[in-house]
Amino acid sequence: MRRTTTTLRRRWGALALVTGLAAGLLPLTAAVAANTVTVYYQPPTAWGSSVNIHYGVDGAAWTAVPGVAMESACTGWRRRTVDLGTATGLQVVFTNGAGVWDNNNGANYRLGTGTVTVAAGRTGTGNPCATGTPSPTPTTSPSPGGARAEVYYRLTTRGWSTANIHYRPTGGTWTPVPGVAMEAACAGWVRRSIDLGTATGLTAAFTNTAGAWDNNNGADYTIGTGRSTVSGGTVTANAPDPCATQAPDTTAPSVPAGLTATAAGLSVTLAWTASTDDRAVTGYEVTRTGGGGGAVTVTSTATRYVAYDLAPNTAYTWRVRARDAAGNWSAASAPATATTGTRPAVGGSPLGGDPREDSIYFVMTARFADGDAGNNRGGSQHVKSGNAANDDPMFRGDFKGLIDKLDYVKALGFSALWITPVVLNRSDYDFHGYHGWDFHRVDPRLESPGASYQDLINAAHAKGIKIFQDVVYNHSSRWGAKGLFTPTVYGTRDEQWKWYYDQPQAGREYNPLEEHQGTDPNLTPAQNAQAKGRPYNGDLWSSTPPAGNQCLNWGAPTGGRSQEGYTLYHCQWPVPTSKLFPADLYHQCWIGNWEGEDSRSCWLHEDLADFNTENERVQQYLIDVYNKFIDMGVDGFRVDTAVHIPRVTWNRRFLPAIQQHAVARHGEKGKDFYVFGEVAAFVNDKWNRGSVNHSAQFFTWKERREYSPDDVRAAIEQYDYEQLLGPSGQPTSDNAFLRGNSYHAPDHSKFSGMNVIDMRMHMNFSDAGNAYGNGKDSDDSYNDATYNVVYVDSHDYGPNKSGTRYTGGTDAWAENMSLMWTFRGVPTLYYGSEIEFQKGARIDCGPSCPLATTGRAYYGDHLAGTVTATDFGVVGQATGEVARTLDKPLVKHVQRLNRIRRAIPALQKGQYSTEGITGGMAYKRRYTAGGVDSFALVTVSGGATFSGIPNGTYRDAVTGDVRTVTNGTLTASVSGKGNLRVYVLDLPGNPAPGKIGTDGPYLR
C-alpha cells in the first residue's frame, strides 16, 4: 500500500454515521473537577486558522456540531482543555468548520486524561510546545553494549526543507509528537543517529512539523540497526552513505539484449531485456530506419514499445540503447527487423468530426429498449430484488432495441450515444456493465442475431449518430478478468452448498445465457429455488488449494454463517485482503481515504477487483482489449473511475495507446477520437478538498516533469510532487476564453488526451445559475473546458450528490437545458430526462429494491410504437406511445435547442466571455477557424445588455428579431424560466441563420 501524506478527512455526513448528532455544549466555565484532558492537535496545513474539536465525554452528550474552537498553542499546534468531571475518557474528532473532518477514518479518537497529542492519525502524550529536550533523549552514541540506528531521510521527494523523526524503539515507547529534529546531512538529506539500547530496530514516521506527515500510508516505517535510508516511501537497509562523495558516473548501461520485432497488421511490437547499470537505468531510446524516410527516434521507460505510424507491406529495422541518470548511453542493440502487413479489414469506421459539434444521449443499454426477449436475464437476484414480481429482468434492453429506436434518439436531436460498458460481465447484479469478466467478448445478453454490437455501431453511423463506449480500466469483476487472471475460490458440494457450486465440467465456462432453471434432480426443491437464475460456476471453485495458493486458512470455517445459516469458510469469496489475487496484477487493499493516495491503489468495492494498472502485463491486456473496440469503429470512450488510476499512468500508457491506435486504424478520423473521463469529485470546491490529484481538471494536463521509469514509483513521485505544488501550482489556460471579442487558436500542446465530465457543474445543477457560476470559476484550470461533458444527473447521482433523479421541476429542467446547450461544453442527457422519467426516484439501490422503482427503470414502455426522424430534432412520423412521448414539453424544448446549437458553430466550439455584459446568465461566444466565423450573444431566463460588441446586424435564433448595432451595444429582453435569446452576427461569408424552429413552451 502506498503512503498517504495528509490526515484522513471526512465530511460530516460520514461522521454522523459513526458518532450520531447530539445536543449540548459542555460549559467552558465549568469548575475544574478531578479529571481534565488537554488536547494538542496538529491540523493539516490546508485547514487554515479555523480548527474545532467536537467531542463526547464518556457518559455525556456530544458537543453541538461543529464542536468548540481550539486555541493556538505554538507553531502548527492547537490546544483545548476539556473538563471530564468524573469520567476518565472521551471520544474526539476535529473539523475546520467548513465541511472537512478528521475522524480517525470513521473510528473517532479515543483519549484519556492528562496531556495528549493527536497528529497524522496518531495519538500520543506530552506537551509538544514545551521547550527543552524531548524524552526519551536521542543520542549519537549508543549505550554500553547497545545498538544504534543511523537514519537518513530524503527531503526532496516531498519538497520539505526540514524533518523530525517520530519513533519508537522495538518494545519501547514513542517519542513525544512531533518527534526529534533531524540534522542536515547534505543537499536533500537529513540524518539522525538513534541509541536503541537493547532494541533490534525501531518504528518511525516523519513530519515537517507544519502539519504534513509521512507515515508510510498509516503503516509507519520499520527500520533496523545500522545505516538505513528512507526515500520516496522505500527503506533501504545497510545502505551506503547517501552523502558520501561519489565519483562521477562514467559507466554506461549494458547494451539492451534480446530485441525482437513482431508485426501485426500495421503495428510492430518491440520487446527487449532490461539493461543493467552500476547506478540506475532511467530509460531507452528506440530508433527506426526504413520505409523510405529518415531515422525516427522515440524514448521509452519500459522494455516494450509498440510502433503504429507505419506503412503497409514495408520492412523496418529498429535498434535500442539505454540511458542512465548521468546521461551515459549504451551502445545500440543488435537490430531487429519486421515487415508490416496489409491494412487490416476494419470492422467499422468512426464518423470523425469535432466532438463538440455533438450533443450526447446517455442510455443504460440493458434498461432502455427491449428488441429481443430471448436474451433477457434476471440473474440470481431476480426474485430477491423484487424484479420478478414486476416481470422486469435486470437485462431487459439490448442492442436490437437500441437499433430499433435510433430514430427516437435522432428525433430528439442527439448526434451521439453514450452507452454503458459492453464487455461480458460476471456478477450477481451486473446489468450496468461495470463488472467486466471477459473483456474480449461482448456480453451476449445484449446481442441478438442480426443485432450484434458491430451492427449497432454500423446502424448508428448510418444515421449520423456516434457511439461513445463506456470503458473500465480500473477494475474487473470480483471473479477477475479472463485471459489475465481469474481466482480459484474454496468450495465444497456438501449438503449446504451443493446448490451453489456446480460440478466442474471440462471445457465448460461461464455463460450468462445458460442460467440454472431450478430443475436439478440432485437438489431439493428449496435448493433448486436458490440455484435458479445462477449461471454455471464450476470453473471457479476447488475444495483443494490451487498451486501457489496464498490465501490463509484455506477452507477452514470462519465461525460465521450465511443469511441462510450455512457455514462460511475462509477463501470462499474474493476480497482484496484474502490474497486470492496476485499482487502483481491486482491491488490488495481497501480504500481508506477517498482523497488520499490509496484511492488510486485499492479496491472501491468488493465486487470491483482493482487492477494493478502500473503492471506492464495488466496495461497490455487493457490496451489490447480496447484496441479491438477502436477497430470496430466506435467514436470515443467514456472512461469509468478514471480518478482511481494515476495520471502519470494514463499519460504514459493508456492515452498514447488509444490515440496511436485510433490514428493508425482510421487516419484523420482517428484524430477526432473523443476520450472523456469520470473524475468523481462530489464537492463544490474548484479543487477537490484541495487535493489536485483527485480533481477533474488535473487529468486534462500532461506531466510537467520526468519520473522514475518504474510505473509504481513514478505514480508515488507524481502524487507527492503535485500535492506539494497544490492548487496554486497548477497550470492555467485561456483556451475557453475570448480575448475581447476575438477567438484565438487554442494551445493544446500540454493536453493529456483526456477530457472530463464537468463534475463541479453537475454538483451545482440544483439550479442553472449555480452551475453557471461554478463552471466559469473553474474554466481556467482545464486545458480546454469547451470539451467538458456537461450533465445534470446520471445513473449514479443527481446534483449535490443526491441519490435521486433530478426533481427540480419542469421549468428548472428547461432552464438547465437552455444553459447546457448554449454554454461551453458538450451537453449530455441521461435517458428519460426529456420527460422527467422517474423524477425523485432513488437512482440505485442494488438488489434491495425492484429496478422499476429506481432511476434505472425500464424505459421501453414510453417508446412503444414507431418513429422516424427526417433530420436531427425533426420527427417524420410517430405512432403509439412514442408519439405521446415526443409531444412532451421538455422533448419539444430539447429538440429545438439541438437544432439551434447545430446551426450555430459558436455554440458548439466557441470560446466565451462575460466582459462588458450585464445579466444573470449571459455571455458572448465566438468560433473562428477553417473559413467559419460565428459570433453569438446569449442570455438565459432574463434580459442582458452587451457592450463593446462589434457593430453590425444581429439575428435572434429564437424569435427571428433583427437588431442593427451601431454603438457597440445590444440589449436583449427575455422573460420566462428556460427562455433564451441567441443573437448571431451577420459576418462576411457567414450569415446569421435567423429564427430556427417554431415557438414552444419555453423558447418563444
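The model shown is predicted, which means the values in this text are computed figures rather than measured ones.

## Some remarks on the overall build of the protein
So, point 1. The helix and strand inventory of the protein stands at 15 helices and 54 strands.
So, point 2. In summary, the protein has a C-alpha radius of gyration of 31 Å against a globular reference of 30 Å for 1004 residues, a match within 12%.
So, point 3. Reported as C-alpha extents along the three principal axes, the dimensions of the protein are approximately 95 × 75 × 70 Å.
So, point 4. Counting over 1004 residues, the protein shows a buried share of 56%.
So, point 5. Across the protein, every contact between residues at least 6 apart in sequence was considered, and the portion connecting residues at least 24 apart equals 72%.

## A short note on empty space enclosed by the protein
So, point 1. Here the structure, examined in full by the defined rule, presents five cavities of 30 Å³ or more.
So, point 2. The volume enclosed by the largest cavity comes to roughly 90 Å³.
So, point 3. What lines the largest cavity is simply Ala-681, Val-683, Asp-685, Lys-686, Asn-688, Ser-695, Ala-696, Gln-697, Met-759, Arg-760, Ser-778 and Tyr-782.
So, point 4. Looking at the lining of the largest cavity, its residues break down into five nonpolar, four polar and three charged.
So, point 5. Taken as a whole, the second largest cavity spans an internal volume of roughly 60 Å³.
So, point 6. Around the second largest cavity, the lining residues are Pro-350, Gly-352, Gly-353, Pro-355, Lys-466, Phe-468, Asp-635, Lys-669, Gly-670, Asp-672, Phe-673 and Tyr-674.

## Brief notes about the sheet that holds strand β39 (residues 636-640)
So, point 1. Taken in spatial order, the eight strands of this open sheet run β41-β40-β39-β32-β29-β28-β43-β42, and their pairing is parallel. Pairing within the sheet leaves two strands with one partner each, and these edge strands are β41 (755-756) and β42 (789-790).
So, point 2. Where β39 and strand β40 (residues 674-677) come together, four bridges link them in parallel fashion. Along β40, the bridge assignment pairs Phe-637 with Val-675.
So, point 3. Set on the sheet, helix α12 (residues 810-822) makes contact with β42 and β43 (826-830); between it and β43 the angle comes to about 145°.

## Description of the state of the cysteines
A disulfide bridge is the covalent bond that connects two cysteines by way of their sulfur atoms.
So, point 1. The tally for this structure, following the rule as stated, stands at five disulfides.
So, point 2. The partner cysteine of Cys-74 in its disulfide is Cys-129, sulfur to sulfur 1.9 Å. Here Cys-74 and Cys-129 share a disulfide; its torsion about the S-S bond, -70°, makes the bridge left-handed. Taken together, the positions of Cys-74 in strand β4 (residues 71-74) and Cys-129 in the loop between β10 (122-125) and β11 (147-154) put the pair 55 residues apart, joining distant regions of the chain.
So, point 3. Residue Cys-74 is classed as partly exposed on the basis of its relative accessible area of 29%.
So, point 4. Cysteines bonded in the protein are numbered consecutively along the chain; their disulfide partners then correspond to 1-2, 3-4, 5-6, 7-8, 9-10.

## Observations concerning helix α11 (residues 768-778)
Since the α-helix packs 3.6 residues into each turn, any two residues three or four apart lie on the same face.
So, point 1. Listed in full, the buried residues belonging to α11 are Ala-768, Ala-771, Tyr-772, Asn-774, Gly-775 and Ser-778.
So, point 2. Packed against the buried residues of α11 are α10 (759-763), α12 and β48 (921-929).
So, point 3. At the N-terminal end of α11, a side-chain oxygen is found 3.1 Å from the backbone nitrogen of Gly-769, two or three residues along, and the residue is Asp-767.

## Considerations on the nonpolar core
So, point 1. The biggest cluster of nonpolar side chains holds 170 residues, and the ones touching the most others in it are Tyr-361, Tyr-453, Tyr-473, Phe-629 and Phe-637.
So, point 2. With eight residues, the single largest contributor to this core is helix α7 (residues 616-631).

## What about the packing of helix α8 (residues 647-666) against helix α9 (residues 711-725)?
So, point 1. The geometry of α8 relative to α9 is characterised by a closest axis approach of 8 Å and an angle of 130° between their N-to-C directions. Relative to α9, the element α8 lies oblique. Every residue of α9 that contacts α8 at Arg-647, Val-648, Arg-652 and Arg-653 is listed here: Asp-711, Ala-714, Ala-715, Gln-718 and Glu-722.
So, point 2. When grouped by side-chain class, the residues that make up the contact of α8 with α9 number three nonpolar, one polar and five charged.

## Comments concerning the pattern of salt bridges
So, point 1. Considering all chains together, one arrives at 50 salt bridges under this definition.
So, point 2. For Lys-463, the salt bridge goes to Asp-407, with nearest N and O atoms at 2.6 Å. Note that Lys-463 is positioned in the loop between α5 (453-462) and β32 (466-472) and Asp-407 in helix α4 (residues 406-412), a separation of 56 residues in sequence.
So, point 3. The class for Lys-463 is partly exposed, based on a relative accessible area of 29%.
So, point 4. Among the residues examined, Asp-407 registers a relative accessible area of 9% and is labelled buried.
So, point 5. We note a salt bridge from Arg-760 to Asp-777, for which the minimum N-O separation is 2.6 Å. Taken together, the residues span a long stretch of sequence, with Arg-760 in helix α10 and Asp-777 in helix α11 at a distance of 17 residues.
So, point 6. Relative accessible area serves as the criterion here: at 39%, Asp-777 is assigned to the partly exposed category.
So, point 7. Through salt bridges with shared partners, a single network forms among Glu-150, Glu-183, Arg-191 and Arg-227.

## Let's talk about the environment of Phe-485
So, point 1. Of note, Phe-485 is situated in the loop between β33 (475-477) and β34 (489-490).
So, point 2. Relative accessible area serves as the criterion here: at 23%, Phe-485 is assigned to the partly exposed category.
So, point 3. A sequence separation of 96 residues divides Phe-485 from Phe-581, and the C-alpha atoms of the two residues are 7.9 Å apart.
So, point 4. Among all residues touching Phe-485, those that are not within four sequence positions of it are Trp-479, Gly-480, Leu-580, Phe-581, Pro-582, Leu-585 and Tyr-586.

## Notes on the confidence of the model for the protein
So, point 1. Considering every residue of the protein, the mean pLDDT works out to 91; 95% of them sit at 70 or more.
So, point 2. Segment residues 132-143 is flagged for pLDDT under 50; beyond a separation of four residues in sequence, or across chains, it makes 18 contacts in the model.

## So, unusual backbone geometry
Residues apart from glycine generally show negative phi values, whereas peptide bonds are mostly found in trans.
So, point 1. A cis geometry characterises the amide bond from Val-65 onward to Pro-66, with omega recorded as 10°.
So, point 2. Structurally, Pro-66 can be placed in the loop between β2 (52-57) and β3 (68-69).
So, point 3. With omega at 10°, the peptide bond leading from Val-177 into Pro-178 counts as cis.
So, point 4. Mapped onto the elements of the fold, Pro-178 is located in the loop between β12 (164-169) and β13 (180-181).
So, point 5. Located in the positive-phi region is Lys-579, a residue other than glycine, with phi close to 65°.
So, point 6. Assignment of secondary structure puts Lys-579 in the loop between β37 (567-569) and β38 (608-610).
So, point 7. Classification of Lys-579 by relative accessible area gives partly exposed; the value is 47%.

## Regarding the side chain of His-795
So, point 1. Its location among the elements puts His-795 in the loop between β42 and α12.
So, point 2. Residue class for His-795 comes out buried when judged on its relative accessible area of 2%.
So, point 3. If sequence neighbours within four positions are ignored, His-795 has contacts with Phe-362, Met-364, Tyr-434, Arg-638, Tyr-830, Ile-843 and Arg-856.

## Brief notes about the pairing of β12
So, point 1. The buried count for β12 comes to five of six residues, which makes it a mostly enclosed element.
So, point 2. In terms of strand pairing, β12 meets β13 through two bridges, oriented antiparallel. Its bridge partner being in β13, Ile-165 is matched across the sheet by Val-180.
So, point 3. Two strands pair when backbone bridges link them, and β12 and strand β16 (residues 201-207) are joined in this way by six bridges, in the antiparallel orientation. Residue Ile-165 lies in a different strand from β16, and its bridge partner there is Phe-206.

## Things to note about the environment of Lys-801
So, point 1. Counting through the fold element by element, Lys-801 comes out in the loop between β42 and α12.
So, point 2. Its relative accessible area of 31% is what places Lys-801 among the partly exposed residues.
So, point 3. Sequence spacing of Lys-801 and Phe-682 is 119 residues, and the spatial spacing of their C-alpha atoms is 6.1 Å.

## A closer look at the sheet that holds strand β46 (residues 911-913)
So, point 1. Sheet architecture is open: six strands sit in the order β46-β48-β49-β54-β51-β52, paired in antiparallel fashion. Only two strands of the sheet have a single neighbouring strand rather than two, namely β46 and β52 (962-965). For this sheet, the mean inter-axis angle between neighbouring strands, taken without regard to orientation, is 25°.
So, point 2. Sheet topology note: the β46/β48 ladder contains three bridges and is antiparallel.

About the cut-offs
Residues numbered from 1 in each chain as written. Predicted model: local features only at pLDDT ≥ 70, side-chain atom pairs only at ≥ 80, totals over all residues. Heavy atoms only, no water. Helix = DSSP H or I, 4+ residues; strand = E, 2+ residues; numbered from the N terminus. Rg over C-alpha atoms; globule rule 2.2 N^0.38 Å. Buried < 20%, exposed > 50% of the residue type's maximum accessible area, 1.4 Å probe, protein only. Contact = heavy atoms within 4.5 Å. 1 Å grid on protein atoms, 1.4 Å probe; cavity = no way out; pocket = protein on both sides within 12 Å on 5 of 7 lines; lining within 4 Å. Points joined across faces, edges and corners; volume = space filled by probe spheres on them. Nonpolar A, V, L, I, M, F, W, Y, C, P; charged D, E, K, R; others polar. Pairing = 2+ DSSP bridges. Axes fitted to C-alpha atoms, helices over the stretch in contact; angles between N-to-C directions. Disulfide = S-S within 2.5 Å. Polar contact = N/O pair within 3.5 Å; in protein donor to acceptor, adjacent residues only side chain to side chain. Core = buried A, V, L, I, M, F, W, Y, C linked by side-chain atoms within 4.5 Å. Parallel < 35°, antiparallel > 145°, perpendicular 65-115°, else oblique. Salt bridge = Lys/Arg side-chain N within 4 Å of Asp/Glu carboxyl O. pLDDT = per-residue confidence, 0-100.

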